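# Breakdown of the fold
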Amino acid sequence: MDESRLGTRVFAEEALLGLLLPFWQVVIGAVVLVVLVLSVGRLARRGKSRMTTALLVTAAAIAGFAVIGVLLEG
């Protein structure tokens, strides 16, 4: 049989993307971390009341994402 009909090429492309995927996750994670550190530094310079509000908003966002994740899991 001809191997091109069996989808050998598709599997090779998926393998290449599988190797690149962790690299892109690291790059995206690094960018998010840099932005997070810069924004927390700026927020801390603005004062205590803004920091408290930011922490409450962040906690609400984390709880909301967790609830959405649990609801969409099944």
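The structure we're discussing is the one just above.
Source: prediction; values computed, not measured.

When you go through the chain residue by residue, the secondary structure sums to 2 helices and 0 strands. Out of the 74 residues in the chain, the part that is buried amounts to 1%. Surface summary for the chain: the accessible area is close to 6900 Å², and the carbon and sulfur share equals 73%.

What follows concerns a positive patch on the surface. A cluster of like positive charges, contributed by Arg42, Arg45, Arg46 and Arg50, occupies part of the molecular surface. Looking at the positive patch element by element, the count peaks at 3 residues for helix 1 (residues 8-46). Mapped onto the elements of the fold, Arg42 is located in helix 1.

Here the focus is a nonpolar patch on the surface. Where nonpolar side chains cluster on the molecular surface, the patch consists of Leu16, Leu20, Phe23, Trp24, Ile28 and Val32 and spans about 620 Å² of accessible area. Among the secondary structure elements, Val32 is positioned in helix 1.

About the cut-offs
Residues numbered from 1 in each chain as written. Predicted model: local features only at pLDDT ≥ 70, side-chain atom pairs only at ≥ 80, totals over all residues. Heavy atoms only, no water. Helix = DSSP H or I, 4+ residues; strand = E, 2+ residues; numbered from the N terminus. Buried < 20%, exposed > 50% of the residue type's maximum accessible area, 1.4 Å probe, protein only. Areas by Shrake-Rupley, 256 points an atom, 1.4 Å probe, with all protein chains shown as cover. Patch = residues over 30% accessible without salt bridge, like charges linked within 9 Å, V, L, I, M, F, W, Y side chains within 5 Å. Salt bridge = Lys/Arg side-chain N within 4 Å of Asp/Glu carboxyl O. Lys, Arg positive; Asp, Glu negative; His and termini not counted. Charge placed at Lys NZ, Arg CZ, Asp CG, Glu CD.

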